[in-house]
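Examination of the molecular architecture
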Amino acid sequence: MLRIVCAPAVSPVIEPVAEVPYNGGDKNLGVRPRRTGELKRERSIMTSWLSEEGAPIPLGVTWMEAEQAYNFAIYSKHAAEVTLLLFRSEDATTPCCRFRLNYLKHKSGRIWHCRLPRQALPDVCYYGWSITGPKVNGTPDWHAFDGEKVLLDPYAKAVYFPPGFNRHAATVPGSNAGQAPLGVLWSDEPAFDWSGERRPRHESELIIYEMHVRGYTQHPSSGVPADRRGTFAGVIDKIPHLKRLGVTAVELMPVFQFDPAEGNYWGYMTLNFFSAHQGYCASRDPQAQPQEFKAMVKALHNADIEVILDVVYNHTAEGNHSGPTYSFKGIDSSYYLYSGHPQEPFANYSGTGNTLNCANRYVRRMILDSLRYWVREMHVDGFRFDLASAFARNADGSIDLTDPPIFGEIRADPELGNVRLIAEPWDAAGAYQLGESFPGTRWFQWNGRFRDDVRRFVRGDPGMVPALMFRLYGSDDLFPDDQMHAYHPYQSVNYVSSHDGFTLYDQAAYTKRRNWAHGHHTPAGATDNHSSNCGYEGDDNVPAKVMALRTRQAKNFCCLLFLSNGTPMFLAGDEFLQTQGGNNNPYNQDNETTWLDWSRLRSHHGVFRFFSMMIAFRRAHPTLCRSRFWREDITWYGAERAVDMSPTSRQLAYHLRGDRLNDNDLYVMINGGVEEKAFTIHAGNASQWRRVIDTSRKSPHDIREPGQEAAIRSPQYRVRARSVVVLLRAAGAE
């Protein structure tokens, strides 16, 4: 039975009178009797079962062009009553129409659905749901139904926040009408012109640049017009910088619509998995949200830059049981893992109060539908999955060590099989699956071991030479290429800095975090960053000698990153020594702490030059980043012939032959000690080699332009303290 209740101004009203007798009208709901002949005219349009009842797939709202109708579908396993609420643009508080669904007609399995002709919905712009169900009962079927709550469709393609939007209203029982986010209703998604788009796909040239959309251009020093700062359009304005730098992929921190009132600047509190964050759009029109995102993607693609999204499918913005009821919690609590404790019902493997239940097939379906949407409609090239080990949690919270279904479902999907999939292979509750223990065998993985080992070596920790060898080689200790596993080194995403932790500069400027701005009683954030301040804490009145060493250490980090086999990634702003003032967890700092200060590009232009030329050097030498490990093409040395792996050793050298890839040979000498060290060149004659890089030298002599390399005249090269030297020669010169 479909009962449609509309305000008196709406005409005609659809109400099957044979199923819902008219009893003089409902003063509260505005029911009126049907005009003569109205039912017959509408039934002539609705000639099929699907036209009468609606379809359970696809979920969300779908425009049916042939029927000039909308199909609505929503998952709720335990709902007792489901009502669709429709709103006009001038009133987001009082629905102009209410559509009550009857399970005998409008429910298939776990999905409620209906189909409504557009002619019955004049001027309707927004929609939401009202759902009732069982009360809290202290069982694994813990419920949070509240029939007075206006709920956001998990599949909404754009979200409207009314002027009265209020997070608190969603955290307390009772109505949040006029204060709740609503889905945007349109007759098909607005058309976008993709003609002329060139979609890139990089292999050995893949260089990932992690970026926060707002923080990238929000600072006035960005030079971006004020109305475009902090938006997708602002990213377009900065594409020339990306091209000069040489990166080939941007990894955007979360751009899905997140809770604008929760205070999470980073965006890791997702409200909806199908809509772009309204705050990143220059236009306030909700229908412009997908258009502006698409324009950014097209512009980046045409600049030969891939687009990877940092996605958060492990939890939502609704927090724990006392958090807001915006959507999932009020639709059906089975979206979340149950803890087994009625007082704290939601399992918290994400550190945010809840964990999405990937053991639920409908949750997995939502995730796959979301991924497909962003690939098919938004043309993104890949995804980085936040806390991806949460995907491997069973319904009881244990780790599925065999074959968690979502990984196979993603890889088996024809639309997702070839997109880049990057895992953060751990979660916030102790699961750590870096390397072969992670279930996605073909996924790329953020290599936290690379980060920690390189940081420790550059800091000067003892006994780090063996670990550095593993990381430079491609981390085959984590990604074995034996016959059973057959991993590739490029699956290791190598990084020294990311949004989560110190910036590259702060890594060499602070030994202690400075996170009191968070407003917590204790400063949240990692306590051990393997950092060193180069002899002086912070930036106030820093001595010139200390600043010179910090600059050199930044170049050392850069050099080791781009000389390693694997896929390199670095944080936006590292190329001009961006600082966060020692804050290593600025998740709630939407201010100059996190906004890139583009004036540093001028004051640290030498570092930018080093980064851009180091990237160009890597892209010009495919021998560095290979599909397979270096194997017999590399020979390891120390300052003398044999590698010194003792705890006191801080020197390493290697010769990497490039003839297999029609490339030059490289000879790399690394001195992590505090004193200058003489290295002997053990490959061929010294006169065959020319110096490309010496991080101890000042710009522009720290890295030479192609064709301007410096000749080597002695078999010994004195490598200064804390520096990296790279030599180049023609392949096969031995």
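Up top is the structure these notes are about.
Scope of this entry: the structure provided in the associated data block.

Conventions and cut-offs
- Residues numbered from 1 in each chain as written.
- Predicted model: local features only at pLDDT ≥ 70, side-chain atom pairs only at ≥ 80, totals over all residues.
- Heavy atoms only, no water.
- Axes fitted to C-alpha atoms, helices over the stretch in contact; angles between N-to-C directions.
- Helix = DSSP H or I, 4+ residues; strand = E, 2+ residues; numbered from the N terminus.
- Parallel < 35°, antiparallel > 145°, perpendicular 65-115°, else oblique.
- Left-handed = near helix turned anticlockwise from the far one by under 90°.
- Contact = heavy atoms within 4.5 Å.
- Nonpolar A, V, L, I, M, F, W, Y, C, P; charged D, E, K, R; others polar.
- 1 Å grid on protein atoms, 1.4 Å probe; cavity = no way out; pocket = protein on both sides within 12 Å on 5 of 7 lines; lining within 4 Å.
- Points joined across faces, edges and corners; volume = space filled by probe spheres on them.
- Buried < 20%, exposed > 50% of the residue type's maximum accessible area, 1.4 Å probe, protein only.
- Pairing = 2+ DSSP bridges.
- Phe/Tyr/Trp six-rings, centres within 6.5 Å; stacked < 30°, edge-to-face > 60°.

In the contact formed by helix α10 (residues 361-376) and helix α11 (residues 405-412), the axes pass within 11 Å of each other and the chain directions differ by 30°. Judged on the interaxial angle alone, α11 and α10 are roughly parallel. As for how α10 packs across α11, the hand of that crossing is right-handed. Residues Arg364, Ile367, Leu368 and Leu371 of α10 form the contact with α11, whose participating residues are Pro405, Ile406, Glu409 and Ile410. Counted by class, the contact of α10 with α11 contains six nonpolar, no polar and two charged residues.

This part covers empty space enclosed by the protein. Under the counting rule described, the total for this entry stands at eight cavities of 30 Å³ or more. Contributing elements (two or more residues each) for the lining of the largest cavity: β11 (208-211) and α5 (213-217). In terms of residue class, the lining of the largest cavity is made up of nine nonpolar, seven polar and one charged.

Ile57 connects to Pro58 through a cis peptide bond whose omega is -5°. When you line up the elements, Pro58 lands in the loop between α2 (49-53) and β2 (60-64). In this chain, Ser699 is followed by Pro700 through a cis amide linkage whose omega measures 10°. Looking at the secondary structure, you find Pro700 in the loop between β23 (690-694) and β24 (710-711).

Now for the side chain of His604. As for its placement among the helices and strands, His604 is situated in the loop between α16 (599-603) and α17 (605-620). By relative accessible area, which is 15% here, His604 ends up buried. Beyond its immediate stretch of four places on either side in the chain, His604 contacts Met547, Glu575, Phe576 and Leu577.

The strand order β2-β3-β7-β6 describes an open sheet built from four strands, whose pairing is antiparallel. Edge positions in the sheet fall to β2 and β6 (107-108), since each of these pairs with one other strand and no more. Of the strand pairs in this sheet, β6 and strand β7 (residues 111-117) are connected by two bridges, and their pairing is antiparallel. When the sheet's bridge partners are listed, Ser108 is paired in β7 with Ile111.

Scanning all chains against the criterion turns up 51 aromatic pairs. Ring geometry for Phe72 versus Trp129: centroids 6.5 Å apart, planes at 80°, classification edge-to-face. Of the two residues, Phe72 sits in strand β3 (residues 69-75) while Trp129 sits in strand β8 (residues 124-132), which places them 57 residues apart along the sequence. There is no split in this pair, since Phe72 and Trp129 are both buried. For the ring pair Phe273 and Phe328, a centre distance of 5.8 Å and an interplane angle of 55° mean the geometry is tilted. Of this pair, Phe273 sits in the loop between β12 (249-252) and α8 (289-302) while Phe328 sits in helix α9 (residues 328-331), and the two are 55 residues apart along the sequence. Here Phe273 falls in the buried class, since its relative accessible area comes to 0%.

So, about the packing of helix α15 (residues 544-562) against α17. Viewed as axis vectors pointing N to C, α15 and α17 meet at an angle of 15°, and their least axial separation amounts to 10 Å. Taken as axis vectors, α15 and α17 run roughly parallel relative to one another. Crossing geometry of α15 relative to α17 is assigned as right-handed. Two secondary-structure elements touch here, α15 through Thr551, Lys555, Cys558, Cys559, Leu561 and Phe562 and α17 through Val607, Phe610, Phe611, Met614, Ile615 and Arg618. Across the contact of α15 with α17, the residue classes break down as nine nonpolar, one polar and two charged.

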